[in-house]
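# Descriptive structure summary
Below, each chain spelled out in residue letters.
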Amino acid sequence: MDRRKRLLVLGAGPAQLGLLEAARARGDLEIIALDRDPAAPGFAVADRRAIISTEDERGIQRLAEAERVDGIVAPGIDWPVSIAARVAEKIGIAHPVAPATAVLAVSKARQRERLAAAGVPQPAWHLVSRPEDGLPVPCVVKAPDRQGQRGLSLVEDVGELEQAISRALAESRNGHALVEEVADGPEVTVNAFSVDGSFHPLTVTDRLTADPPAFGVALAHVWPSEANGGDAAEVAGRAVAELGIENGPTYTQLRITRDGPQVVEVAARLGGGHDAELCLAALGVDLNELALRAALGEELDPAALVAEPQAGGASTVFLTAEPGELETVDGVEEAETAEGVLRVRVYRRPGFAVAELRHGADRLGAVQAVGGSRDEALERARAAAALVRFRTARAG
């Protein structure tokens with residue numbers, strides 16, 4: 001009897017849950033997940049686990065060789081995309097992204113250079129190794145090779161700039177900080193899939209944040225976008241093509257300015273906020289399954305990319321809590337039975353240390369819902385989210 005194909009998943013956190021569950025549902029895969037966190041929620045879905053950092057390239061290669069894996073995938077997380085591409089090439093298995101392309105995909109600075117050379121619209125930017133005179137304020141300062149909120153600052157006063165650059169440099173792998181002018185306008189995300197250089201845009205979602213960030217619901221993704229303006233998908237496709245991403249999923253964030261969409265960043269991976277599940281609910285396209293097939297070198301059926309609206313609107317809202325030690329979680333079953341709710345996820349168990357909220361980065365769970373319109377889907381998701389109650393206790 002032939003053995004099941006072995007899939008190595010880099011990461012077992014919330015951002016990888018959707019793909020891990022899709023891999024489990026296939027029934028024909030042996031799933032090996034790795035994460036440095038022994039309590040990572042995705043381990044419950046895997047056949048075997050390895051306590052290895054998603055950035056430990058040597059350890060990942062040794063594991064991939066020892067397990068004789070058939071595919072490597074890094075969903076919802078940036079830097080390991082390049083590790084997965086290099087390890088796949090070294091051990092001689094298929095991977096949708098070439099190593100040279102993956103290097104561009106995980107470096108915001110290299111992306112900026114490539115997109116500037118091609119004339120793809122993006123915010124004005126400066127790469128610095130120390131604070132300098134003449135930098136724009138307001139601006140966003142970030143480490144060019146980190147994901148999410150690490151080293152990220154919104155600077156609205158020139159007196160804050162030096163500290164923001166120092167923070168970004170401390171997180172940077174290459175000793176540089178990226179200073180970007182603030183692109184004024186709403187933020188959207190284009191989730192897409194490419195096959196042999198053909199770009200297939202799928203969901204264009206609005207990214208809504210609480211301002212200022214508040215405990216409870218801090219961030220929401222809503223489809224269809226009302227801020228899109230019709231050009232976001234076209235600009236995202238140009239950016240993906242210029243970066244050389246010809247196969248697999250992409251996740252592109254853009255700002256919709258008065259002058260049109262501007263690319264904030266491109267990632268050669270599935271979105272980390274259950275974007276694939278939102279796409280399935282909205283359009284009937286299973287991005288998780290497509291990503292699995294791409295990682296395993298399996299043939300893709302063009303019909304799998306045909307989008308058919310499944311609802312008038314769909315939304316994901318993320319859950320947070322006051323900082324402290326998580327003691328109890330209540331209201332999940334009530335939220336799950338609320339009208340339009342597809343799923344309620346709670347990532348952490350009692351005893352988990354909830355950090356201070358930073359722009360919605362510290363998520364404890366998510367609620368996904370559909371409705372007859374985008375507003376109804378968002379309202380349903382938020383109402384269900386309000387039913388989930390986290391109790392935390394501060395030390396002392």
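See the structure printed just above.
The structure displayed is predicted, hence computed values, not measured ones. (Residues numbered from 1 in each chain as written. Predicted model: local features only at pLDDT ≥ 70, side-chain atom pairs only at ≥ 80, totals over all residues. Heavy atoms only, no water.)

## Points about the sheet that holds strand E17 (residues 353-354)
Under the convention used in this document: Only when DSSP finds a minimum of two bridges between them are two strands counted as paired. Under the scheme used here, helices are H or I runs from DSSP no shorter than 4 residues and strands are E runs no shorter than 2 residues, and both carry numbers assigned from the N terminus.
Across the sheet, which stays open at both edges, the 3 strands sit in the order E17-E15-E19 with antiparallel pairing between neighbours. Two strands bound the open sheet, and with one partner strand each, they are E17 and strand E19 (389-393). Note that strand E15 (residues 324-330) and E17 share 2 bridges and pair antiparallel. Each residue of the ladder has a partner; that of Gly324, found in E17, is Val354.

## So, the side chain of Gln253
Our working definition: Between N or O atoms, a polar contact is any pair within 3.5 Å; within protein, one atom must be a potential hydrogen donor and the other a potential acceptor, and residues adjacent in sequence are included only when both atoms are from side chains. Any two residues having at least one pair of non-hydrogen atoms within 4.5 Å are treated as being in contact.
Tracing the backbone through its elements, the reader meets Gln253 in strand E12 (residues 248-257). Polar side-chain contacts of Gln253 include one of 3.2 Å to the side chain of Tyr251. When residues no more than four places from it in sequence are discounted, the contact partners of Gln253 are Glu187, Val188, Thr189, Arg207, Gln262, Val263, Val264 and Glu265.

## Details of helix H8 (residues 275-283)
Because an α-helix completes one turn every 3.6 residues, residues spaced three or four positions apart along the sequence face the same direction. What counts is decided by this rule: With a 1.4 Å probe rolled over the protein chains alone, any residue whose accessible area is under 20% of its type maximum counts as buried; one over 50% counts as exposed, and the rest are partly exposed.
With respect to burial, H8 is a largely interior element, 8 of its 9 residues being buried. Looking at the residues trailing H8, positive phi occurs at Gly284, about 75 degrees.

## Concerning the environment of Val103
Its location among the elements puts Val103 in helix H4 (residues 99-105). Separated by 118 residues in the primary sequence, Val103 and His221 place their C-alpha atoms 28 Å from one another. Not counting residues up to four positions away in its chain, the partners in contact with Val103 are Ser82, Arg86 and Arg110.

## Topic: the pattern of salt bridges
Cut-off, in case you're wondering: Only one rule defines a salt bridge in this text: a Lys or Arg side-chain nitrogen within 4 Å of an Asp or Glu carboxyl oxygen.
Within this structure, the stated rule accounts for 27 salt bridges. Between Arg48 and Glu67 there is a salt bridge, and its shortest N-O distance comes to 2.2 Å. With Arg48 in strand E3 (residues 48-50) and Glu67 in helix H2 (residues 57-67), this pair connects stretches of sequence that are 19 residues apart. Residue class for Arg48 comes out partly exposed when judged on its relative accessible area of 29%. Glu277 is the partner of Arg345 in a salt bridge, and the nearest nitrogen-oxygen pair spans 2.9 Å. Taken as a pair, Arg345 in strand E16 (residues 341-346) and Glu277 in helix H8 lie far apart in primary sequence, 68 residues in all. For the pair Arg345 and Glu277, a shared accessibility class is recorded, and that class is buried. Through salt bridges with shared partners, one network takes in Lys5, Arg26, Asp28, Glu289, Arg293 and Glu298.

## Let's talk about helix H11 (residues 374-387)
Test applied: Expected helix span is computed as 1.5 Å times (number of residues minus one). This arc corresponds to the set of directions leading from the helix axis out to the C-beta atoms.
A rise of 1.5 Å per residue sets the reference length of H11, with its 14 residues, at 20 Å; its end C-alpha atoms lie 20 Å apart and thus fit the reference within 8%. Along H11, the residues classified as buried are Arg374, Ala377, Leu378, Arg380, Ala381, Ala384 and Ala385. Down the axis of H11, the smallest arc covering the buried residues is 165 degrees, so these residues share one side. Residues of H11 that are exposed and point more than 90 degrees away from the buried face comprise Glu379 and Ala386.

## Comments concerning the packing of helix H1 (residues 17-26) against helix H9 (residues 287-295)
Definition in use: The axes used here are C-alpha line fits, helices contributing only the stretch in contact, and every angle between their N-to-C directions lies in the interval 0 to 180 degrees. Working definition: roughly parallel below 35 degrees, roughly antiparallel above 145 degrees, roughly perpendicular at 65 to 115 degrees, and oblique for all remaining angles. Classification used: nonpolar for Ala, Val, Leu, Ile, Met, Phe, Trp, Tyr, Cys and Pro, charged for Asp, Glu, Lys and Arg, polar for all others including Gly.
Closest axis-to-axis distance for the H1/H9 pair is 9 Å, and the angle between their directions is 75 degrees. Put simply, H1 runs roughly perpendicular to H9. Counted together, Gly18, Leu19, Ala22, Ala23 and Arg26 of H1 and Asn288, Glu289, Ala291, Leu292 and Arg293 of H9 form the full contact between these two elements. Residues of the contact of H1 with H9, tallied by class, amount to 5 nonpolar, 2 polar and 3 charged.

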